[in-house]
Amino acid sequence: MAATGGAILEARALGLRFGAVEALKDVSVAIRPGDVHALIGPNGAGKSSLLNCLSGFYHPWTGAVLFEGRDISATRPPERARMGIGRTFQGIQTYPSMTARENILTGFHTQMTGGVFAGLFRPPGAVRQEEEFTARAEEIIDFLELEEDRHRIVGDMSYGLRKRVDLGRALALSPKVLVMDEPMAGMSPEEKGDIARFTLDIRDRWGIPVVLVEHDMDVVMDISDRVTVLEFGRIIAEGTPDEIRGDERVIAAYLGGETEAEEDAA
(Lines give C-alpha, C1' and ligand atoms only; values in the text may rest on other atoms or scores of the structure.)
Protein backbone atom coordinates (compact mmCIF):
# COMPACT_ATOMS: atom_id res chain seq x y z
CA MET A 1 0.00 0.00 0.00
CA ALA A 2 1.23 3.47 -0.81
CA ALA A 3 0.51 6.39 1.46
CA THR A 4 -1.94 8.95 0.17
CA GLY A 5 -0.51 12.24 -1.08
CA GLY A 6 2.84 11.88 0.70
CA ALA A 7 1.24 11.28 4.11
CA ILE A 8 3.63 10.18 6.83
CA LEU A 9 0.86 8.60 8.93
CA GLU A 10 -2.46 7.46 7.57
CA ALA A 11 -5.67 5.85 8.75
CA ARG A 12 -7.33 4.16 5.83
CA ALA A 13 -11.03 3.17 6.06
CA LEU A 14 -10.75 2.24 9.74
CA GLY A 15 -13.55 0.39 11.46
CA LEU A 16 -13.54 -0.30 15.21
CA ARG A 17 -16.20 -1.89 17.37
CA PHE A 18 -16.63 -2.47 21.10
CA GLY A 19 -19.47 -4.93 21.50
CA ALA A 20 -22.54 -3.27 20.02
CA VAL A 21 -20.83 0.15 19.87
CA GLU A 22 -19.27 1.09 16.55
CA ALA A 23 -16.54 3.52 17.62
CA LEU A 24 -15.11 4.17 14.14
CA LYS A 25 -16.87 3.76 10.82
CA ASP A 26 -14.85 3.94 7.59
CA VAL A 27 -12.52 6.64 8.95
CA SER A 28 -9.67 7.83 6.72
CA VAL A 29 -7.19 10.53 7.75
CA ALA A 30 -3.84 11.43 6.20
CA ILE A 31 -1.24 13.26 8.30
CA ARG A 32 1.10 15.19 6.05
CA PRO A 33 4.67 16.28 6.83
CA GLY A 34 4.80 19.77 8.27
CA ASP A 35 1.19 19.88 9.47
CA VAL A 36 -0.52 20.31 12.81
CA HIS A 37 -3.61 18.19 12.17
CA ALA A 38 -6.40 18.54 14.74
CA LEU A 39 -9.15 16.01 15.42
CA ILE A 40 -12.28 17.54 16.90
CA GLY A 41 -15.86 16.50 17.60
CA PRO A 42 -18.47 16.27 20.35
CA ASN A 43 -18.45 13.71 23.16
CA GLY A 44 -18.18 10.11 21.98
CA ALA A 45 -17.17 11.12 18.46
CA GLY A 46 -14.30 8.61 18.30
CA LYS A 47 -11.32 10.94 18.55
CA SER A 48 -9.44 9.04 21.25
CA SER A 49 -10.31 5.75 19.57
CA LEU A 50 -8.69 7.03 16.38
CA LEU A 51 -5.59 8.18 18.27
CA ASN A 52 -5.33 4.77 19.92
CA CYS A 53 -5.50 3.09 16.51
CA LEU A 54 -2.77 5.35 15.16
CA SER A 55 -0.48 4.65 18.12
CA GLY A 56 -1.19 0.92 18.41
CA PHE A 57 -3.22 0.67 21.62
CA TYR A 58 -6.26 -0.41 19.59
CA HIS A 59 -6.18 -2.57 16.48
CA PRO A 60 -8.89 -1.74 13.95
CA TRP A 61 -11.34 -4.43 12.91
CA THR A 62 -11.24 -3.22 9.33
CA GLY A 63 -9.00 -0.93 7.33
CA ALA A 64 -5.31 -0.20 7.87
CA VAL A 65 -2.88 2.17 9.55
CA LEU A 66 0.08 3.16 7.39
CA PHE A 67 3.34 4.76 8.49
CA GLU A 68 5.69 5.99 5.77
CA GLY A 69 3.75 3.82 3.35
CA ARG A 70 4.05 0.63 5.42
CA ASP A 71 1.05 -1.17 6.87
CA ILE A 72 1.62 -1.19 10.65
CA SER A 73 -1.91 -2.20 11.68
CA ALA A 74 -0.71 -5.26 13.60
CA THR A 75 2.28 -3.69 15.36
CA ARG A 76 2.32 -2.95 19.10
CA PRO A 77 2.87 0.48 20.71
CA PRO A 78 6.57 -0.13 21.59
CA GLU A 79 7.30 -1.04 17.98
CA ARG A 80 5.55 2.09 16.75
CA ALA A 81 7.52 4.19 19.21
CA ARG A 82 10.76 2.74 17.83
CA MET A 83 9.55 3.50 14.29
CA GLY A 84 9.02 7.14 15.22
CA ILE A 85 5.42 7.56 16.42
CA GLY A 86 5.56 9.57 19.66
CA ARG A 87 2.54 9.86 21.95
CA THR A 88 1.41 11.99 24.85
CA PHE A 89 -1.70 11.12 26.84
CA GLN A 90 -4.51 13.08 28.44
CA GLY A 91 -3.29 12.06 31.89
CA ILE A 92 0.24 12.78 33.10
CA GLN A 93 2.57 9.82 32.55
CA THR A 94 5.67 11.04 34.39
CA TYR A 95 7.63 9.36 37.20
CA PRO A 96 6.85 11.62 40.20
CA SER A 97 9.86 10.59 42.32
CA MET A 98 12.38 11.41 39.58
CA THR A 99 13.69 14.78 38.42
CA ALA A 100 12.55 16.47 35.22
CA ARG A 101 15.82 15.61 33.52
CA GLU A 102 15.68 11.98 34.63
CA ASN A 103 12.13 11.69 33.29
CA ILE A 104 13.18 13.04 29.91
CA LEU A 105 16.16 10.68 29.81
CA THR A 106 13.82 7.71 30.18
CA GLY A 107 12.41 8.61 26.77
CA PHE A 108 15.64 7.44 25.13
CA HIS A 109 15.12 3.82 26.21
CA THR A 110 13.95 2.73 22.76
CA GLN A 111 17.27 3.90 21.29
CA MET A 112 19.59 2.22 23.79
CA THR A 113 21.76 -0.51 22.28
CA GLY A 114 24.11 -1.74 25.01
CA GLY A 115 21.89 -3.91 27.23
CA VAL A 116 22.75 -5.08 30.74
CA PHE A 117 26.47 -5.55 30.00
CA ALA A 118 26.86 -1.92 28.95
CA GLY A 119 24.98 -0.75 32.03
CA LEU A 120 27.25 -2.72 34.35
CA PHE A 121 30.67 -2.25 32.74
CA ARG A 122 30.13 0.98 30.77
CA PRO A 123 32.42 0.34 27.76
CA PRO A 124 33.42 3.39 25.66
CA GLY A 125 30.49 2.95 23.27
CA ALA A 126 28.00 3.00 26.15
CA VAL A 127 29.63 6.09 27.65
CA ARG A 128 29.41 7.92 24.31
CA GLN A 129 25.76 6.96 23.97
CA GLU A 130 25.02 8.18 27.51
CA GLU A 131 26.72 11.50 26.75
CA GLU A 132 24.74 11.84 23.52
CA PHE A 133 21.43 11.20 25.28
CA THR A 134 22.31 13.65 28.06
CA ALA A 135 23.13 16.36 25.52
CA ARG A 136 19.87 15.75 23.69
CA ALA A 137 17.93 15.82 26.97
CA GLU A 138 19.48 19.21 27.73
CA GLU A 139 18.42 20.44 24.30
CA ILE A 140 14.83 19.38 25.04
CA ILE A 141 15.00 21.03 28.47
CA ASP A 142 16.09 24.30 26.86
CA PHE A 143 13.42 23.99 24.17
CA LEU A 144 10.65 23.54 26.76
CA GLU A 145 12.06 26.30 28.99
CA LEU A 146 12.68 23.92 31.89
CA GLU A 147 16.23 25.09 32.65
CA GLU A 148 15.44 26.15 36.21
CA ASP A 149 13.48 22.95 36.86
CA ARG A 150 15.77 20.30 35.39
CA HIS A 151 16.76 18.94 38.82
CA ARG A 152 13.38 19.39 40.54
CA ILE A 153 11.41 16.33 41.59
CA VAL A 154 8.49 16.10 39.17
CA GLY A 155 6.01 15.29 41.92
CA ASP A 156 6.70 18.72 43.44
CA MET A 157 6.01 20.57 40.19
CA SER A 158 2.87 22.36 39.07
CA TYR A 159 0.48 20.58 36.73
CA GLY A 160 1.56 22.68 33.75
CA LEU A 161 5.26 21.97 34.28
CA ARG A 162 4.61 18.25 34.66
CA LYS A 163 2.81 18.30 31.30
CA ARG A 164 5.91 19.93 29.79
CA VAL A 165 8.09 17.15 31.21
CA ASP A 166 5.69 14.59 29.75
CA LEU A 167 6.02 16.29 26.36
CA GLY A 168 9.80 16.31 26.74
CA ARG A 169 9.88 12.58 27.27
CA ALA A 170 7.85 12.09 24.09
CA LEU A 171 10.32 14.29 22.19
CA ALA A 172 13.18 12.15 23.54
CA LEU A 173 11.84 9.34 21.34
CA SER A 174 13.02 11.42 18.35
CA PRO A 175 9.57 11.04 16.79
CA LYS A 176 8.82 11.47 13.11
CA VAL A 177 5.24 12.28 14.06
CA LEU A 178 3.81 13.25 17.45
CA VAL A 179 0.33 12.20 18.59
CA MET A 180 -1.06 14.41 21.39
CA ASP A 181 -4.25 13.59 23.29
CA GLU A 182 -5.73 16.69 24.97
CA PRO A 183 -2.37 18.20 25.93
CA MET A 184 -4.03 21.33 27.34
CA ALA A 185 -6.76 19.70 29.43
CA GLY A 186 -7.05 21.28 32.88
CA MET A 187 -4.60 24.09 32.13
CA SER A 188 -4.83 27.80 32.80
CA PRO A 189 -4.98 30.14 29.78
CA GLU A 190 -1.30 30.99 30.25
CA GLU A 191 -0.32 27.31 30.38
CA LYS A 192 -2.41 26.60 27.28
CA GLY A 193 -0.60 29.39 25.49
CA ASP A 194 2.76 27.82 26.35
CA ILE A 195 1.75 24.38 25.05
CA ALA A 196 0.29 25.94 21.88
CA ARG A 197 3.57 27.75 21.29
CA PHE A 198 5.61 24.60 21.89
CA THR A 199 3.36 22.66 19.49
CA LEU A 200 4.01 25.16 16.72
CA ASP A 201 7.73 25.10 17.49
CA ILE A 202 7.75 21.29 17.34
CA ARG A 203 6.40 21.61 13.81
CA ASP A 204 8.50 24.57 12.71
CA ARG A 205 11.82 24.10 14.51
CA TRP A 206 11.93 20.32 14.85
CA GLY A 207 10.05 19.54 11.63
CA ILE A 208 7.72 17.07 13.39
CA PRO A 209 4.09 16.87 12.23
CA VAL A 210 1.55 16.77 15.07
CA VAL A 211 -1.79 14.97 15.41
CA LEU A 212 -3.78 16.79 18.05
CA VAL A 213 -7.02 16.16 19.95
CA GLU A 214 -8.00 19.33 21.75
CA HIS A 215 -11.30 20.79 23.01
CA ASP A 216 -10.32 24.45 23.10
CA MET A 217 -11.61 25.52 19.69
CA ASP A 218 -9.84 28.88 19.79
CA VAL A 219 -6.50 27.08 20.18
CA VAL A 220 -7.38 24.52 17.51
CA MET A 221 -8.27 27.16 14.96
CA ASP A 222 -5.17 29.23 15.78
CA ILE A 223 -2.50 26.54 15.48
CA SER A 224 -3.87 23.88 13.11
CA ASP A 225 -3.10 23.50 9.42
CA ARG A 226 -5.89 20.98 8.90
CA VAL A 227 -8.87 19.93 10.99
CA THR A 228 -10.84 16.68 10.83
CA VAL A 229 -14.27 16.63 12.48
CA LEU A 230 -15.80 13.39 13.76
CA GLU A 231 -19.33 12.67 14.92
CA PHE A 232 -20.58 9.25 16.08
CA GLY A 233 -17.46 7.57 14.73
CA ARG A 234 -17.68 9.08 11.24
CA ILE A 235 -15.86 11.97 9.60
CA ILE A 236 -18.31 14.73 8.76
CA ALA A 237 -15.85 17.39 7.60
CA GLU A 238 -12.18 18.00 6.89
CA GLY A 239 -10.32 21.09 5.74
CA THR A 240 -8.48 24.21 6.81
CA PRO A 241 -9.59 26.02 9.98
CA ASP A 242 -11.35 28.65 7.85
CA GLU A 243 -13.25 25.97 5.95
CA ILE A 244 -14.26 24.20 9.15
CA ARG A 245 -15.46 27.39 10.86
CA GLY A 246 -18.16 27.90 8.25
CA ASP A 247 -19.20 24.28 7.72
CA GLU A 248 -22.87 23.88 8.63
CA ARG A 249 -22.42 20.19 9.50
CA VAL A 250 -19.78 21.10 12.06
CA ILE A 251 -21.92 23.85 13.57
CA ALA A 252 -24.83 21.41 13.84
CA ALA A 253 -22.65 18.73 15.45
CA TYR A 254 -21.70 21.09 18.25
CA LEU A 255 -25.14 22.55 18.90
CA GLY A 256 -26.07 21.60 22.42
CA GLY A 257 -22.88 19.52 22.66
CA GLU A 258 -20.42 19.78 25.47
CA THR A 259 -16.91 20.42 24.19
CA GLU A 260 -14.89 20.64 27.40
CA ALA A 261 -14.48 16.93 28.09
CA GLU A 262 -14.86 13.66 26.27
CA GLU A 263 -15.34 10.05 27.15
CA ASP A 264 -15.01 8.16 23.89
CA ALA A 265 -16.89 4.93 23.43
CA ALA A 266 -14.25 2.43 24.39
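Up top is the structure these notes are about.
Throughout what follows, the structure given in this document is the object of discussion. (Residues numbered from 1 in each chain as written. Predicted model: local features only at pLDDT ≥ 70, side-chain atom pairs only at ≥ 80, totals over all residues. Heavy atoms only, no water.)

This next bit is on the overall build of the chain. The helix and strand tally for the chain stands at 10 helices and 10 strands. Residue burial in the chain is summarised as follows: out of 266 residues, 51% are buried. Taking the intrachain contacts of the chain between residues at least 6 apart in sequence as the baseline, contacts between residues at least 24 apart amount to 69%. (Helix = DSSP H or I, 4+ residues; strand = E, 2+ residues; numbered from the N terminus. Buried < 20%, exposed > 50% of the residue type's maximum accessible area, 1.4 Å probe, protein only. Contact = heavy atoms within 4.5 Å.)

The pairing of strand β1 (residues 9–18) with strand β2 (residues 21–31) spans seven bridges and is antiparallel. When the bridges of β2 are listed, F18 appears paired with V21. Once β1 ends, the chain turns through two residues before running back antiparallel as β2, passing G19 with a positive phi of about 60°. (Pairing = 2+ DSSP bridges.)

Let us now look at unusual backbone geometry. In the Ramachandran plot, A13 falls in the positive-phi region, its phi being about 50° despite a non-glycine side chain. Its place among the elements puts A13 in strand β1. For A13, a relative accessible area of 29% translates into the label partly exposed. Phi is positive for E145, which is not a glycine, with a value near 55°.

What follows covers the pattern of salt bridges. For the structure shown, the criterion picks out 20 salt bridges. R136 is paired through a salt bridge with E132; the nearest N and O atoms lie 3.2 Å apart. One end of the pair is R136 and the other is E132, both in helix α5 (residues 124–143) and four residues apart, which spans about a single turn. For E132, a relative accessible area of 42% gives the class partly exposed. With a closest N to O distance of 2.6 Å, R245 and D242 form a salt bridge. One end of the pair, R245, and the other, D242, are both in helix α9 (residues 241–245), three residues apart, so they sit about a helical turn from each other. For D242, a relative accessible area of 58% corresponds to the exposed category. Put simply, R101, E138, D142 and R150 are held in one network by salt bridges that share partners. (Salt bridge = Lys/Arg side-chain N within 4 Å of Asp/Glu carboxyl O.)

A sheet is described by the order of its strands in space; here four strands give the open sequence β2-β1-β4-β5, paired in antiparallel fashion. Looking at which strands have only one partner, the edges of the open sheet turn out to be β2 and β5 (70–71). One ladder, built from two bridges, connects strand β4 (residues 62–67) with β5; its direction is antiparallel. Counted as the bridge partner of L66 is D71 from β5. Across the sheet, helix α1 (residues 47–55) is in contact with β1, β2 and β4; its angle to β1 comes to roughly 120°. (Axes fitted to C-alpha atoms, helices over the stretch in contact; angles between N-to-C directions.)

Across soluble globular proteins, nonpolar side chains show a tendency to be buried alongside one another. Counting 32 residues, the largest nonpolar core has I104, L167, L171, L178 and I202 as the members making the most contacts within it. At the level of elements, α3 (100–106), α5, α6 (159–171), β7 (177–181), α7 (189–204), β8 (210–213) and α8 (217–223) are the ones that each hand at least two residues to this core. If near-sequence neighbours (up to four positions away) are discounted, L171 is found in contact with I140, F143, L178, I202 and I208. Counting 26 residues, the second largest nonpolar core, distinct from the first, contains L24, C53, I85 and V211. (Core = buried A, V, L, I, M, F, W, Y, C linked by side-chain atoms within 4.5 Å.)

This part is about the packing of α6 against α7. Their axes nearest at 10 Å, the elements α6 and α7 cross at an angle of 15°. When the axes of α6 and α7 are compared, the pair comes out roughly parallel. For the element pair α6 and α7, the recorded crossing hand is right-handed. Where α6 approaches α7, its residues G160, R164, L167 and L171 are matched on the opposing element by E191, D194, I195, F198 and I202. Within the contact of α6 with α7, the residues separate by chemical class into five nonpolar, one polar and three charged. (Parallel < 35°, antiparallel > 145°, perpendicular 65-115°, else oblique. Left-handed = near helix turned anticlockwise from the far one by under 90°. Nonpolar A, V, L, I, M, F, W, Y, C, P; charged D, E, K, R; others polar.)

Glancing now at the pairing of β7. Among the five residues in β7, five count as buried, and that is most of the element. Burial of β7 is two-sided: the residues V177, V179 and D181 facing one way and the residues L178 and M180 facing the other way are all buried. In the sheet, strand β6 (residues 85–88) pairs with β7 via four bridges, with the strands oriented parallel. Pairing of G86 across the sheet is with L178, part of β7. One ladder, built from four bridges, connects β7 with β8; its direction is parallel. Paired with L178 across the strands is V210, a residue of β8. Read as a crossover between parallel neighbours, the route from β7 over α7 to β8 is right-handed. (Right-handed = clockwise from strand over helix to strand, strands pointing away.)

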